[in-house]
Amino acid sequence: MPLHDVNVAVIYYSSTGTIAELARLIADAAEHAGADVRLRRVAELAPQSAIDSNPAWAANVAATADILEATHDDMVWADAVLFGSPTRFGNVTSQLKQFLDTLGGLWQQGRLADKVYSGFTASATPHGGQESTLLALYHSVHHFGGILVTPGYTDPAKFNDGNPYGTSHVGGPETPLDAAVRTAARVQAERVVKFAKAIKSGLAATG
């Protein structure tokens, strides 16, 4: 029995562009792995004055203006969702959390359950809260009734990235994504697509 095609949503928040670049890499890798992909950003909550005070932030807002904002329809459509957020004091950003907090109606209807979920992050400094950010994000996945698919150390390349909870980058916009992070993003995307296909096929087979 052939595996079913899957829909993957990559939903992220990025201020200065690092997570936006990671999101694009993951979306491209998922597409190459055979998924239909939607790349979406969540709404910005910060005041314009704060954005304008940081050139990298303002540049990223302009560079990603053509990317559609995430909606509830993207969550319903998706068989798998990868969430991306920078760390904020070891937690997800308020912008991504705001989007998650609006999903109560879909949760109550059971429309977030039985999907694959995974996450990715970045921080300006080593040990800057990457693991705690992803663990905090995954609390929502458990409440959704979702199926958490993390990269673990299932591929030798993940040892170079060093984070089994999800792809992580250290550094701001002045620190380009290196080969290890790019490979980790591909590994994670491919693993998510692999299990989303298997789960969708299995659920269809059992009726």
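See the structure printed just above.
Closest axis-to-axis distance for the helix α1 (residues 18–32)/helix α9 (residues 179–206) pair is 8 Å, and the angle between their directions is 45°. On the basis of their axis angle, the class for α1 and α9 is oblique. Between α1 and α9 lies a crossing whose hand is right-handed. On the side of α1, the interface is formed by E21, L22, L25, I26, A29 and A30, while α9 contributes V181, R182, A185, R186, A189 and V193.

Right, let's get into the nonpolar core. Counting 28 residues, the largest nonpolar core has V8, V10, Y12 and F120 as the members making the most contacts within it. Per-element tally for this core: the top contributor is α1, with eight residues. If sequence neighbours within four positions are ignored, V10 has contacts with A23, I26, A27, V37, R38, L39, R40, L82 and F120.

Below, the discussion takes up the environment of G171. Here G171 lies in the loop between β6 (168–170) and α9. Residues G171 and T18 lie 153 residues apart in sequence; the distance between their C-alpha atoms is 8.3 Å. When sequence neighbours within four positions are dropped, the list of residues in contact with G171 reads T18, S123 and A124.

Those residues of helix α5 (residues 94–101) that fall on the buried side of the exposure criterion are Q95, L96, F99 and L100. Mapping the buried residues of α5 onto a view down its axis gives an arc of 140°, with all of them on the same face.

This next bit is on the pairing of strand β1 (residues 7–12). Of all six residues in β1, six are buried; the element is thus mostly enclosed. Handedness of the crossover joining β1 and strand β2 (residues 36–41) through α1: right-handed. With five bridges joining them, β1 and strand β3 (residues 80–86) adopt parallel strand pairing. Bridge pairing in β3 links Y12 to G84.

On to the pairing of strand β4 (residues 116–123). Counting buried positions over the eight residues of β4 gives eight, a clear majority of the element. Going residue by residue along β4, you find V116, S118, F120 and A122 tucked away on one face and Y117, G119, T121 and S123 tucked away on the opposite face as well. Strand direction decides the pairing type here: β3 and β4, joined by seven bridges, are parallel. Considered in β4, the bridge of G84 is made with F120. For β4 and strand β5 (residues 147–148), the ladder comprises two bridges, and the chain directions are parallel. The residue of β5 that forms the bridge with Y117 is L148. Between the parallel pair β4 and β5, the chain is carried across by helix α7 (residues 130–144), and the sense of this crossover is right-handed. Alignment of β4 against β6, held across three bridges, turns out to be parallel.

What counts, and at which threshold
- Each chain has its residues counted from 1, running along the sequence as written.
- Side-chain atom pairs in this predicted model are given and counted only at pLDDT of 80 or more, local residue features only at pLDDT of at least 70, and totals for whole chains, interfaces and linings cover all residues.
- Hydrogens and water molecules were not included; the side-chain quantities draw on all heavy atoms of the structure.
- Where helices are involved, their axes are fitted lines through C-alpha atoms of the stretch in contact, as for all axes, and angles between N-to-C directions lie from 0 to 180°.
- Secondary structure is summarised from DSSP: a helix means a run of H or I of at least four residues, a strand means a run of E of at least two, and numbering begins at the N terminus for each.
- Orientation categories follow fixed angle ranges, with anything under 35 degrees roughly parallel, anything over 145 roughly antiparallel, 65 to 115 roughly perpendicular, and all other angles oblique.
- Rotating anticlockwise by less than a right angle from the far helix to the near helix defines a left-handed crossing, while the corresponding clockwise rotation defines a right-handed one.
- Here a residue-residue contact requires only that any non-hydrogen atoms of the pair lie within 4.5 Å.
- Residue types Ala, Val, Leu, Ile, Met, Phe, Trp, Tyr and Cys, when buried and joined through side-chain atoms within 4.5 Å, form a set referred to as a nonpolar core.
- Buried means the residue's accessible area, taken with a 1.4 Å probe over protein chains only, is under 20% of the maximum for its type, while exposed means over 50%, and partly exposed covers the values in between.
- Directions from the helix axis toward the C-beta atoms define the arc.
- The handedness rule is simple: strands pointing away from the viewer, and a clockwise path from the first strand over the helix to the second, make the crossover right-handed.
- For two strands to count as paired, DSSP must find a minimum of two bridges between them.

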